[in-house]
Amino acid sequence: MKNCLFALLGLGMSLNVSAQSTLYQSGSQVLLDQNLEFFDKQLFSASSFENSRLLRHATLSGEQQKSAELHRAMSALELESPAGPGLMKAYILEHGKHPSVAMAGLYLGDHFFYKRNYKESIEAFALIQPESLSSSERADVWFKQGYSYFQLMDYNKAAPFFDQAKGLNQPISADAYYYSGFIALEQGNNTKATADLQAASKSSEYATKVPYLLTSLYYQQGSYDQAISYAEPLLASGQNLDRRETIHLFLAESYYSKKDFANASKNYDAFINAKKGTLSREEVYKAGISFFETGNYQRATDYLKVSASATDEIGQASSFYLGHAYLKLDNYPFASTSFQAASKATFNREIQEESLFNYAKTNLQRGSFQAAISTLDEYLDTYPTGKFRGEAETLLSEALINTNDYLRAIEQMDKIRSKSTRIQSAYQKVAFYQAMVYYRDQKYKPALAYLDKSQAFPVDRDLFLETHFWKGEILTADGNLPQAIRAYEAVRALNPASNHPFLIKTHYGLGYAYFNSKQYPKAEEQFRAYTQKLQSASEKQYYDDALLRLGDCQYVQKKFSESEATFYRAISEQISGIDYAYFRLAVVQNFQTKNSEALSNLDRLISGFPSSLYREDAMFQKGQIYLEELRYQEASMAFTDLISSRPNSPFVPFALEGRAVANFSLRNYEQTIADYKSIIDQHPNSQNSETALKGLQETLALQGSSAEFGDYLTRYKNSNPGAENVQSLEYEAAKSLYLDKNYAQAARAFESYLRSYPQSAQKADALYFAGDAFLQAGDTERALGYFKQLEREPASPQRVRAMQKMGVLALEKGDYAAAIPYLETAVQNARNKVEEAEAVQGLMIANFAVGKYPASITYADQLVTLEGILPETTPTALLTKAKAQKQLRQIPASEATLKSLIADFKTVQGAEGLYLLALSYQEKQDYQQSNDAIFENSGPFVDYGYWYGKMFLLLADNFLKTGEQFQAKATLESIVENSNDPEIKAEAESKLKTLNQL
């Protein structure tokens, strides 16, 4: 526009010079010059108004008329007057051959062009006669006409104008070459595009723009070498290039097509690092493959897990290579989910087959044997002639050995008619493992049946020997001692090495089998062999217990010197049962009339082991020895200590008798009478009640009070009726029903008995039996009623047992605070390890429930020391302890306890413990350690569906928190597909739905 303006002003000046004489004479030229001055000063309104008036009123020459019309039209255009374009077009059409017309056309065309009114611009430029323009002006007009058509997307009409403009070799020609090349590129005329763009690139203005187009052109032509040789030097030069990142992408794609993966990967990363665009999924896949092929597996996973996100051919291939990349990184869990995803897609059958096999193989490597077995079985069924069949069969036999789903493994092997040595070996082991599962669950008959299955294939001699040992253990637990002995002896018959671990264990098991069969010489032989072999061992197993049983065997056979030496040995070695050793040593010494030593050892037990189960025995034995020694005063004091400190002890009636004898000898007849009366009043059914009656009669006679004896004789007869007595028959009948486990009938029978005989001497026994019968029959409330009645009765062993039952019932009802005092009483008065373990476990649970976490931890530790007394007490104790430690914010200690639980116990408690450990790591935002804990330890817990599912839901959450959406999705899909727990499956489905909406 500016160039046109200058041209027209020049034209005006020439007109002024040629017409001066006439214009000035007439005065019109003066006005015309004034109007030109208005225009020069951009006073367009004044110029338009004055030129219009001049044209209406003045007498103008021809040239003056043209100047006024032209400047009026130009002013109207500048003012955006609607009349402007019409005035200019009218001027051009009216004065077509005048020199000013060309400039007028340029002025009008530029007016529309710079306002981006390209349609009007084209019409305006068409009014110009090109031959009237200079080369520079023609090039400019042709370019603008071409550019206007270009902006209107009419490339066919634009191209000829660009071709005309570029041929004039004017400054505007560079622009024409660029746009001509662009149109040729769009229309597929690559030869012309290349020539034009190369010409345009010689201009500094297009030197930065052309490289992108030419690189694109070479790439689209498949001229990868040309694209590379052209673009690489430009990129290396460091010059500023338009769309530099996209040039990197074209290079990456070119290098990828040439399988130059090193340079491809470099350029893909350059594109991504520029952060000015995104790759298509196919390009992401190619980038991942490039890094995979160059061995940069970590970077490969960054790309491939993105391209694997959809279920299509690219997704399947991406998952396949992603699995291999994770294998290279030893990330078996991620590899597993990747291969699983690829195996589900059907786009590429070869990839599908290999992925299924690799999924099985990876699960085997990571220890997920059940998944491996299921997948290998699926592979062999789906691809009976597959290229991995031979290897799959080999892997299957290995997986069968290591699986936790032993029944399924055996079912698989039972299908194989001709079992190879490898399969026979696997069968022997898996059948043995299943037998151990049944043994753990106290299902003895199926356990024995599967040991027989294992023995059918005695490939492994050591395992064959071990099956005989476990037969002995199971038969012992089932109470079949004769067969247990035969099983243990079968171990010895196989002549294993003397230090064979299962021969050593057999000595212990066989020792007990003989001991409980009262074959004491043979029991002594086995216990001696066991203790000799383990005396100097670092892992002593049951050495302490065996040493005590050895002493007992010698004692029963009246080998008192040997028994004494054995118990001294136990004490000197500070074994765990040292309290028992002190007690039995004292008994042996008493038989040898070494009463002084016996009393010393009893005192050591009484004072040194206040919570020992044998403390009451020791206190009673001490009184007995004093009686034997005729040390009556000391005997009386010893029995008094027992009676006052342990009122619930079953020794109380006998201690009362002993004290009565001592006081009788001391002529303390009143105390003697009181003790005998206590036996008859408080313990009427005690074995020594008749002896107490005779002692009372004798003592009363000495005191001249024989008349009192009649009342106690009557009481005794009522409490101890003859066999023909109806009361006795009713009681014994009810008791027989209870012992036969006919609990419902027994409960009704005892209820009837107590109604008929409310003051019976057997009241305490009857109340306990009635309560426990109702409890066993499922009537908890009525059971509790009888136990509470017994709570109000005098101290007795039955009362203690009732207290423990009430504690357990309170636990079951969730009334933990009420349970604690009952269970504390039960612990204090426990007469055996079973009662103690039950009460301690209850206290641990109750204290945890009411928030007394330190006490819960104390009882948990105590329960661990009672390992093996009740099923799964130690894992329960460790789990509760870990939870209590967490509540106390002792996080490192809690995690250490959970690790111990997980390592040693593949039980439901261990499964929950693993979940809690992984959760603890997650709460610390240590997601990798949380994942590792699950990956490395979850295999053995697959049978515990709820906790196994919770672990993998946690795993999916970890993946989401670390940006691993592909792994999270694959994990959730696997849970939905494989979980049998409705709650777990529902939660996984919900999470998956949310994830898919992201």
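Residues numbered from 1 in each chain as written. Predicted model: local features only at pLDDT ≥ 70, side-chain atom pairs only at ≥ 80, totals over all residues. Heavy atoms only, no water.

**Points about the overall build of the protein chain**
For the record, the criterion: Every helix listed is a DSSP run of H or I at least four residues long, and every strand listed is a run of E at least two residues long, numbered separately from the N terminus. In this treatment the radius of gyration is a C-alpha quantity, and the globule benchmark scales as 2.2 Å times the residue count to the 0.38 power. Only protein chains enter the area calculation, which uses a 1.4 Å probe; residues under 20% of their type maximum are buried, those over 50% are exposed, and those in between are partly exposed. A contact between two residues is defined here by any heavy atoms of the two lying within 4.5 Å. Each accessible area is a Shrake-Rupley result for a 1.4 Å probe, and residues are judged covered by the shown protein chains and nothing else. Lys and Arg are tallied as positive, Asp and Glu as negative. Neither His nor the chain termini are counted. Charged groups are reduced to one reference atom each: NZ for lysine, CZ for arginine, CG for aspartic acid, CD for glutamic acid.
Check the secondary structure of the protein chain and you find 54 helices and 0 strands. Radius of gyration (C-alpha) of the protein chain: 53 Å, far over the 30 Å computed for a compact globule of 998 residues. A total of 998 residues make up the protein chain; the buried ones form 52% of that total. Sequence separation of at least 24 residues holds for 52% of the intrachain contacts in the protein chain that already meet a minimum separation of 6. Total accessible area computed for the protein chain in this model is approximately 46,100 Å², and 49% of it derives from carbon and sulfur atoms. Mean positive and mean negative side-chain charge positions of the protein chain (101 and 117 charges, respectively) differ by 1 Å.

**Considering the packing of aromatic side chains**
Rules: Note on aromatic pairs: the rings of Phe, Tyr and Trp (six-membered ring only in Trp) are paired at centre separations within 6.5 Å, and the planes decide the class, stacked below 30 degrees, edge-to-face beyond 60, tilted for the rest. Definition used: whenever NZ (Lys) or CZ (Arg) falls within 6 Å of the ring centre and also within 35 degrees of the ring normal, the charge is taken to sit over that ring.
Counting across every chain of the model gives 71 aromatic pairs. Here Phe113 and Tyr118 contribute two aromatic rings whose centre-to-centre distance is 5.9 Å and whose plane-to-plane angle is 80°, an arrangement assigned as edge-to-face. Here Phe113 falls in the buried class, since its relative accessible area comes to 10%. Judged by centre distance (5.4 Å) and plane angle (65°), the ring pair of Phe469 and Phe502 falls under edge-to-face. Of this pair, Phe469 sits in helix H26 (residues 461–477) while Phe502 sits in helix H28 (residues 501–516), and the two are 33 residues apart along the sequence. Like Phe469, the residue Phe502 is buried in the burial classification. Here the basic side chain of Lys505 rests over the ring of Phe502, its NZ or CZ set 4.4 Å away from the ring centre. Between Lys540 and the ring centre of Tyr543, over which it is positioned, the NZ or CZ distance is 4.7 Å.

**So, the nonpolar core**
Formally: Side-chain atoms within 4.5 Å link the members of a nonpolar core, which is a set of buried Ala, Val, Leu, Ile, Met, Phe, Trp, Tyr and Cys residues.
Among the nonpolar cores identified, the biggest contains 117 residues, and Phe143, Phe162, Tyr178, Tyr179, Tyr268, Met951 and Leu972 are the most heavily contacted of them. Not counting residues within four places of it along the chain, the set of residues in contact with Phe143 comprises Phe162, Ala165, Ile172, Asp175, Ala176 and Tyr179. Residues Ile373, Leu376, Phe583 and Leu696 belong to the second largest nonpolar core, which totals 115 residues.

**Some remarks on unusual backbone geometry**
Unlike most non-glycine residues, Asn169 shows phi in positive territory, near 55°. Note on placement: Asn169 falls in the loop between helix H9 (155–166) and helix H10 (173–186). Note on Asn169: relative accessible area 69%, which makes it exposed.

**Remarks on helix H12 (residues 210–221)**
Spelled out, the test is: A helix is expected to span 1.5 Å multiplied by its residue count minus one.
Helix length check: H12, at 12 residues, gives a terminal C-alpha distance of 16 Å against a target of 16 Å (1.5 Å per residue), a fit within 8%. Counting buried residues along H12, 10 of its 12 residues qualify, which places the element largely inside the surrounding structure. Residues Val210, Pro211, Tyr212, Leu213, Leu214, Thr215, Ser216, Leu217, Tyr218 and Tyr219 constitute the buried set of H12. In this structure, the buried side of H12 is in contact with H10, helix H11 (190–200), helix H13 (224–237) and helix H14 (244–257). The first or second residue beyond H12 is Gly222, which carries a positive phi of 80°.

**What about the packing of helix H20 (residues 349–365) against helix H21 (residues 369–382)?**
Which entries qualify depends on this criterion: To obtain each axis, a line is fitted to C-alpha atoms, and for helices this fit is confined to the stretch in contact; angles are then taken between N-to-C directions over 0 to 180 degrees. Throughout, the term roughly parallel applies to angles under 35 degrees, roughly antiparallel to angles over 145, roughly perpendicular to angles from 65 to 115, and oblique to all others. When the near helix sits turned anticlockwise from the far one by under a right angle, the crossing is termed left-handed; a clockwise turn instead gives a right-handed crossing. Any residue that is not Ala, Val, Leu, Ile, Met, Phe, Trp, Tyr, Cys, Pro, Asp, Glu, Lys or Arg is counted as polar, Gly included; the first ten are nonpolar and the last four charged.
Viewed as axis vectors pointing N to C, H20 and H21 meet at an angle of 155°, and their least axial separation amounts to 7 Å. With respect to H21, the axis of H20 lies roughly antiparallel. Crossing handedness for the pair H20 and H21: left-handed. Seen from H20, the contacting residues are Glu353, Leu356, Phe357, Tyr359, Ala360, Asn363 and Leu364; seen from H21, they are Phe369, Ala371, Ala372, Thr375, Leu376, Glu378 and Tyr379. Of the residues assigned to the contact of H20 with H21, the class counts are 10 nonpolar, 2 polar and 2 charged.

**Topic: the environment of Arg486**
Relative to the helices and strands, Arg486 resides in helix H27 (residues 481–493). You can call Arg486 exposed: its relative accessible area is 55%. For the pair formed by Arg486 and Pro233, sequence separation is 253 residues and the distance between their alpha carbons is 89 Å.

**Overview of the packing of H28 against helix H30 (residues 543–556)**
Contact pair H28 / H30: the axes reach a minimum separation of 11 Å and the direction vectors enclose 35°. Note on packing geometry: the crossing formed by H28 with H30 is left-handed. The segment H28 lies against H30, with Tyr508, Tyr512 and Phe515 engaging Asp545, Ala546, Arg549, Asp552 and Cys553. Here the contact of H28 with H30 is composed, by residue class, of 5 nonpolar, no polar and 3 charged.

**Section: the pattern of salt bridges**
Worth spelling out the cut-off: Salt bridges, as used here, are contacts in which a Lys or Arg side-chain nitrogen is within 4 Å of a carboxyl oxygen on Asp or Glu.
Counting across every chain of the model gives 45 salt bridges. For Glu391, the salt bridge is made with Lys361, and the minimal N-O distance between the two is 3.1 Å. With Glu391 in helix H22 (residues 389–402) and Lys361 in helix H20, this pair connects stretches of sequence that are 30 residues apart. Relative accessible area serves as the criterion here: at 35%, Glu391 is assigned to the partly exposed category. For the salt bridge of Asp861 with Lys881, the shortest nitrogen-to-oxygen distance reads 2.8 Å. Highlighted residues: Asp861 in helix H47 (residues 853–865) and Lys881 in helix H48 (residues 873–887), separated in sequence by 20 residues. Ionic contacts of the salt-bridge type, sharing partners, join the residues Asp163, Lys166, Lys192 and Asp196 into one network.

**Points about the environment of Ala371**
Relative to the assigned elements, Ala371 resides in helix H21. Sequence separation of Ala371 and Tyr359 is 12 residues, and the distance between their C-alpha atoms is 8.9 Å.

**Observations regarding the confidence of the model for the protein chain**
Note the following rule: Each residue carries a pLDDT score, the predictor's confidence in it, ranging from 0 to 100.
On average, residues of the protein chain score 87 in pLDDT, and 95% of them are at 70 or above. Low pLDDT, under 50, characterises residues 1–26; the predicted model gives this stretch 33 contacts beyond four residues in sequence or across chains.

**Concerning the side chain of Gln909**
As a reminder of what qualifies: Side-chain atoms alone can form a polar contact between residues adjacent in sequence; in general such a contact is a pair of N or O atoms within 3.5 Å, and within protein one must be able to donate a hydrogen while the other accepts it.
Tracing the backbone shows Gln909 in helix H50 (residues 908–923). For Gln909, a relative accessible area of 10% translates into the label buried. Looking at Gln909, its side chain comes within polar contact range of the side chain of Glu872, at 3.1 Å. The contact partners of Gln909, leaving out residues within four places of it in the chain, are Glu872, Pro875, Thr876, Leu879 and Leu901.

**Things to note about helix H51 (residues 927–937)**
Listing the buried residues of H51 in full gives Tyr927, Ser930, Asn931, Ala933, Ile934 and Phe935. Buried residues along H51 sit in contact with helix H19 (332–344), H50 and helix H52 (945–961).

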